[in-house]
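Survey of secondary and tertiary structure
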Protein chains: 2
Amino acid sequence: MKIVFKKSDLTNAVNIVSKAIVTRTTMSILECIFIEAGDKIKFIANDMELGIETIVKGEILERGQIAIDAKMLSDIVRKLPDEDITIETDENFVVNITCGKINFKINGKEGYDFIFLPKFEREESIYFSQFTLKEIIKQTIFSILNKEDGSIAKTMSGELFEIKGNILKVVSLDGHRISIRKVELKESFKDISVIVPGKSLNEINKILNGGNEDMVRVFFTKNVNSDSNVYSHIVFEFDNTVVVSRLIEGNYFNIDKMISSDYDVKFKVNKKELYDCIDRATLFSSDKDNQPIVTSITDDNVEITINSSMGYMDENVRIDKTGKDLVIGFNPKFIMDALKVIDDEEVSFYMLNAKSPCFIKNDEESYIYIILPVNL
Amino acid sequence: MKIVFKKSDLTNAVNIVSKAIVTRTTMSILECIFIEAGDKIKFIANDMELGIETIVKGEILERGQIAIDAKMLSDIVRKLPDEDITIETDENFVVNITCGKINFKINGKEGYDFIFLPKFEREESIYFSQFTLKEIIKQTIFSILNKEDGSIAKTMSGELFEIKGNILKVVSLDGHRISIRKVELKESFKDISVIVPGKSLNEINKILNGGNEDMVRVFFTKNVNSDSNVYSHIVFEFDNTVVVSRLIEGNYFNIDKMISSDYDVKFKVNKKELYDCIDRATLFSSDKDNQPIVTSITDDNVEITINSSMGYMDENVRIDKTGKDLVIGFNPKFIMDALKVIDDEEVSFYMLNAKSPCFIKNDEESYIYIILPVNL
C-alpha cells in the first residue's frame, strides 16, 4: 500500500476515527485505525459499541490495507510539517511514513482480526441539520446516569430518541431530574423509539461540524442476521463519515405520567442573574456533603441561602411571581446544569410545593427540565 | 476592620500573595492571607521559605487585622461581579464579604500565630528591569534538580546568582547539564554570590509583570539577630510588592573548571529546524527507557536517528560545519530544553569527542548551555 496525503486531510481523518478508539485494552487491534486503499481511501475504527468510517482524500499509488496504532499515527502526523505525507507499507507490515527529509518506521498490523462495522440496510431514516443534533445532545447529555451498574442503570446511561410524526423528542434522566427537548422536523417520519448510549452521543458530538446548512442523516437498523424486529443500531451519516452505534436494549421509563401542568407557584427570572447567584452559593457546597441551597420565594424576590461548615451566603434576586410563597431546597448543580443549556434570557419556574418536582420550561415546551427538590 | 476594595485591586493582591501560600499543610495559618489595615492596607502570606507582602488600594473605614483562608477568599472574589467589595470583621473574627445584594460570611482567624516576614536591612542592593529578571529565570530554571534529597542536591535545587562588577551571572545544573546566563548591569556592584531556591524563583516569575521599564530592586540581607557574615535572605522589591526568600546555605559547584573553549567540531544550525527534528524523534523516546538520539555530524549535514521498541526515525538537517566528523548521542530533552530558551535564529554547537560535554553558546558567551553526551 502506498498513499500520499495532504497533512490537513490526514489529520482530520485521524481525528474523526480516533473517537472510536479504545485506550487501555488488552486487545491491541482496538487501538488501531484500519486503513483501506481500494477505489477510495477509508479510515475505520471500532470499539465494539461505536464504529466510525470516513472517506479520506489522497493519492493512491498502490492499493492495500493496514492497521496502525491510532495514538502513534496521530502523534507522528501532528509533529510533521504542513507538507505532503506518504504512508507506505511492505510485505512485513512495516509502515514507512515520510515527509520531505523525514522518515518514520513503525510496525503495523495485517489486521486480520480487525472488527469491521456491522452491515446494515438503509431502511428507516430521518434527517436534520448537524447544528440541531449538536444542540440537542448538548442540551440533554448532562443528565444521563454515568455509572453503568445493573440493568435499570443501563437504560439511564443512554438517551431516548423518540420520533412521532414530525417531532423528535430526546430525553435523559438520572433519577433526580429529567431533561426533555423537542425539535420539529421538516417532514413526518415513521414512529420510532430507541435508546442511544450517552458515550456514543458524546463522541459524535465532537466530530459533527455543527453547521446549520450541513445535514446529518440518521438510520435505525436491525441486525441483518437476526429475525428480531427490534432495532439494534443507529447510524449517523454526514460529510464523508459514517458512525454506527449499538442501541441500548430495553424499555425506557414512561416519563409522560411524570409530567403535569399543575402548579401553585410560577416565577420568571433573569437566567444569568440566577445562575451567577447559585454559582456563588456552590462555593459552600462540596461534592461530599452536597449541601442544598434554600430558595425562599416571596412576592417579587427569591432569596438564595446556603449554610455549611465552610460558610454562609445569602443573596436576593428579583423575580416576577404569581401564586403562593414557597421555601424549597435544591441541589444547586441540577439547577445550574439546566440553566446552562437554556438559550432564553428569561426562564420560568413552576412548582407545587416543597416536595414536588420543579419544572423549568418555556411556553411551547420545546424544553422541559424537571428537578426533584431536596428535603430541608 | 472594614475595608472597601475595587474588585480588580482585590483580585490582583490576592493573586500576588497567594504565591506564598502552602496547600495541604497541618498548620492552617499557612493557608491564610493576613490582612492588615493601618495607615495602609497590606496583604501578607508566608510559607516559611518564601514571604510576600503587597500594598493594596482600598478605602479603610475601620482599622484592624484578620487572617483569611487564601483559597476561600480567592474563590469568593473570583465569583463576585465587578463592583465594590467590602470586607468587614467582627469581634469573633467572622468575616463578612458583601457586594451589592450578595453577602458571604466565613470564619477568619485572629492570626496571633501568623509568621510575619523576617526583618531585614536594606544594605547591598542591585537593580535591573523586571524583563531581565523574568528572562534570566526562564532561561535557566529548567536545569535545576527538582528532588531535594541530601545536601548536595539541596544546592542543585537552587540557582547561583553571582555578581562581579557589572556582570550578573545566573547558573543552574542538575548533574547532566549546566545552564549559564550573563547579563550586563548598568552599574557595578559589590561582589556577591548566593544560591536562591528554584521554587522561589518560579513563584516570583509568576508575579513579575515583566515590563522593560519596570524595575526590580534586589537586596541581599543577613539575619538581623545573627552575627554571621553569611547572607540569609534575598529580597525582591517591585511595584507595591516585597518578596523575601530564604537562601540555600552552602557552596555552589565550581563550574569555571568545567568550562573550556577547546573544540574539534563546530557547527551552526537553524534552531527551529533542529528543534522540530528532535521533537519528532522524542515520539520514540519514552521517559522510562530514555532512548538517546544518535547525532551523526558530517560535512554540511547532521543526521538525527532514533531506534527504540516503539519505532525508528531518521531526518537530515543542513548545517554549517568546521572540524572533524563525529557521531555522538544525546538525551533529546536536554538539547530541546536549551534550544527552547535561546532567542537566536541560528545556534552554534561546539564538541570535542563523543565522551566530552557539548557546548551550545554564542560568541559573547551571554549564554552557555553545557550538555553531557550519552554513551551509545
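Residues numbered from 1 in each chain as written. Chains lettered and ligands numbered in written order. Predicted model: local features only at pLDDT ≥ 70, side-chain atom pairs only at ≥ 80, totals over all residues.

1. Structural notes on the overall build of chain A
Of the regular secondary structure elements, chain A holds 7 helices and 23 strands. Overall size of chain A, expressed as C-alpha extent along the three principal axes, is 80 × 50 × 40 Å. Within the span of chain A, comprising 376 residues, buried residues form 39% of the whole. Partitioning the contacts of chain A with sequence separation of at least 6, the portion at a separation of at least 24 is 68%. (Helix = DSSP H or I, 4+ residues; strand = E, 2+ residues; numbered from the N terminus. Buried ≥ 20, exposed ≤ 12 C-beta atoms within 10 Å, placed from the backbone. Contact = placed C-beta atoms within 7 Å.)

2. Regarding the pairing of strand β2 (residues 32-37) of chain A
Residues and elements named next belong to chain A. The element β2 is largely enclosed, with a buried count of 6 among its 6 residues. Side chains Cys32, Phe34 and Glu36 project from β2 onto one buried face, and the interleaved Ile33, Ile35 and Ala37 project onto a second face that is buried too. Of the strand pairs in this sheet, β2 and strand β6 (residues 64-69) are connected by 6 bridges, and their pairing is antiparallel. Within β6, the position partnered with Ile35 by the bridge is Ile66. Where β2 meets strand β3 (residues 41-46), 4 bridges bridge the pair, whose relative direction is antiparallel. Bridge assignment links Ala37 to a residue of β3, and that residue is Ile41. Hairpin connection of β2 to β3: 3 residues between the antiparallel strands. (Pairing = 2+ DSSP bridges.)

3. Some details on the nonpolar core
Core analysis: the largest hydrophobic core is formed by 211 residues, its most contacted members being Val17(A), Ile33(A), Ile68(A), Val17(B), Ile33(B) and Ile68(B). With residues near it in sequence (within four places) discarded, Ile68(B) still touches Cys32(B), Ile33(B), Ile35(B), Leu73(B), Val95(B) and Gly108(B). (Core = buried A, V, L, I, M, F, W, Y, C linked by C-beta atoms within 7 Å.)

4. A few points about the relation of the copies chain B and chain A
Relative to chain A, chain B is turned by 180 degrees and slid 0.0 Å along the rotation axis, the superposed coordinates differing by an RMSD of 0.0 Å. The relationship between the two copies is best expressed as a two-fold rotation axis. No C-alpha of chain B approaches the rotation axis more nearly than that of Arg24(B), which lies at 16 Å. The residues that chain B uses at the interface reappear at the interface of chain A in 100% of cases, marking a shared surface. (Least-squares fit on C-alpha atoms with pLDDT ≥ 70 in both.)

5. Things to note about the interface of chain B and chain A
Many analyses report the size of an interface as the accessible area lost when the parts associate. Of the residues lining the interface, 18 residues belong to chain B; the matching set on chain A comes to 18 residues. Looking at the side of chain B that touches chain A, the elements with two or more residues in it are α2 (70-78), β9 (102-107), α6 (271-281) and β19 (311-323) of chain B. Per element, the largest residue contribution to the side of chain B that touches chain A is 6 residues, and it comes from β19(B). Residues belonging to the side of chain B that touches chain A are distributed by class as follows: 7 nonpolar, 3 polar and 8 charged. Across 4 bridges, strand β19 (residues 311-323) of chain A lies against β9(B) in antiparallel orientation. Residue Asp314(A) lies in a different strand from β9(B), and its bridge partner there is Asn103(B). (Nonpolar A, V, L, I, M, F, W, Y, C, P; charged D, E, K, R; others polar.)

6. Remarks on the environment of Phe253(B)
With respect to the helices, strands and loops of the structure, Phe253(B) is situated in the loop between β15 (241-246) and β16 (265-270). For the pair formed by Phe253(B) and Thr155(B), sequence separation is 98 residues and the distance between their alpha carbons is 8.6 Å.

7. A few points about unusual backbone geometry
Excluding glycine, residues mostly carry a negative phi; peptide bonds, for their part, are mostly trans. Residues other than glycine seldom take positive phi values, yet Asp239(A) does so here, at roughly 45 degrees. With respect to the helices and strands, the residue Asp239(A) is situated in the loop between β14 (233-238) and β15 (241-246). Even without a glycine there, the phi angle at Arg24(B) is positive, about 50 degrees. Inspection of the secondary structure assignment puts Arg24(B) in the loop between α1 (7-18) and β2 (32-37).

8. What about the domain arrangement of chain A?
All names here are of chain A. Taken domain by domain, chain A holds domain 1 (2-107), domain 2 (125-256) and domain 3 (260-371). Domain 1 and domain 2 are separated by 29 Å when their C-alpha centres are compared. Contacts between the two partners involve 10 residues from domain 1 and, on the opposite side, 13 residues from domain 2. By residue number, the principal contributor to the side of domain 1 that touches domain 2 is strand β4 (residues 50-56), which donates 6 residues. By residue class, the composition of the side of domain 1 that touches domain 2 is 5 nonpolar, 2 polar and 3 charged. (Domains from an automatic or database assignment.)

9. Description of the sheet that holds strand β13 (residues 215-221) of chain B
Residues and elements named next belong to chain B. What the 8 strands build is an open sheet, ordered β6-β2-β3-β4-β15-β14-β13-β10; its pairing is antiparallel. Edge positions in the open sheet fall to β6 (64-69) and β10 (125-129), since each of these has one partner strand only. The mean angle between the axes of side-by-side strands here comes to 20 degrees, regardless of whether they run parallel or antiparallel. Packed onto the sheet, α1 meets β2, β3 (41-46), β4 (50-56) and β15 and runs at close to 165 degrees relative to β4. (Axes fitted to C-alpha atoms, helices over the stretch in contact; angles between N-to-C directions.)

10. Topic: the packing of helix α6 (residues 271-281) of chain A against helix α7 (residues 332-340) of chain A
Residues and elements named next belong to chain A. Contact geometry of α6 with α7 gives a least axis separation of 10 Å together with a crossing angle of 150 degrees. Two packed elements cross with a definite hand, and for α6 against α7 that hand is left-handed. Listed contacts from α7 to Lys271, Leu274, Tyr275, Ile278, Asp279 and Ala281 of α6 are Pro332, Ile335, Met336 and Leu339. Along the lines of polarity and charge, the residues of the contact of α6 with α7 split into 8 nonpolar, no polar and 2 charged. (Left-handed = near helix turned anticlockwise from the far one by under 90°.)

11. Looking at the confidence of the model for chain A
Scored by pLDDT, chain A has a mean of 93; 98% of the residues are at 70 or more. We note a pTM of 0.92 for the whole complex and an ipTM of 0.89 for its interfaces. (pLDDT = per-residue confidence, 0-100.)

12. Considerations on the sheet that holds β14(A)
All names here are of chain A. Taken in spatial order, the 8 strands of this open sheet run β6-β2-β3-β4-β15-β14-β13-β10, and their pairing is antiparallel. Looking at which strands have only one partner, the edges of the open sheet turn out to be β6 and β10 (125-129). Put simply, the sheet's adjacent strands are angled 20 degrees from each other on average, direction ignored. Bridge count between β3 and β4: 6 bridges; the pairing is antiparallel. Across the sheet, Asn46 pairs through a bridge with Gly51, a residue of β4. Contacts from helix α2 (residues 70-79) reach β2, β3 and β6, with the element oriented near 90 degrees to β6. The sheet contacts of helix α5 (residues 198-207) involve β4, β14 and β15, and relative to β15 the element is tilted by about 170 degrees.

13. A few points about helix α3 (residues 130-138) of chain B
Residue and element names in this part refer to chain B. By the burial criterion, the buried members of α3 are Gln130, Leu133, Ile136 and Ile137. When α3 is viewed along its axis, its buried side chains cluster within an angular range of 135 degrees and face the same direction. On its buried side, α3 packs onto β10, β11 (158-173), β12 (177-197), α5 (198-207), β13 and β14 (233-238). (Arc of directions from axis to C-beta.)

14. Considerations on helix α1 (residues 7-17) of chain A
All of the buried residues along α1(A) are Leu10(A), Ala13(A), Val14(A), Ile16(A) and Val17(A). Taken down its axis, α1(A) places every buried residue within 160 degrees of arc, on the same side.

15. Here's the deal with the environment of Asn12(A)
All names here are of chain A. For Asn12, the location among the structural elements is in helix α1. Accessibility expressed as a C-beta count within 10 Å gives 18 for Asn12, which makes it partly exposed. A C-alpha to C-alpha distance of 8.7 Å links Asn12 and Val56, two positions 44 residues apart in sequence.

16. Regarding the pairing of β19(A)
Each regular strand shows side chains that alternate between the opposite faces of the sheet. Residues and elements named next belong to chain A. Sheet analysis places strand β16 (residues 265-270) next to β19, joined by 5 bridges and oriented antiparallel. Looking across to β19, one finds that Lys268 is bridged to Asp320. Bridge count between strand β18 (residues 301-308) and β19: 8 bridges; the pairing is antiparallel. Paired with Val302 across the bridge in β19 is Val317. Where β18 folds back on β19, the antiparallel hairpin that results is connected by 2 residues.

17. Section: the environment of Gly175(B)
All names here are of chain B. For Gly175, the position within the fold is in the loop between β11 and β12. Given 12 C-beta atoms within 10 Å, Gly175 falls into the exposed group. Along the backbone, Gly175 and Ser8 are 167 residues apart, and their C-alpha atoms lie at a distance of 44 Å.

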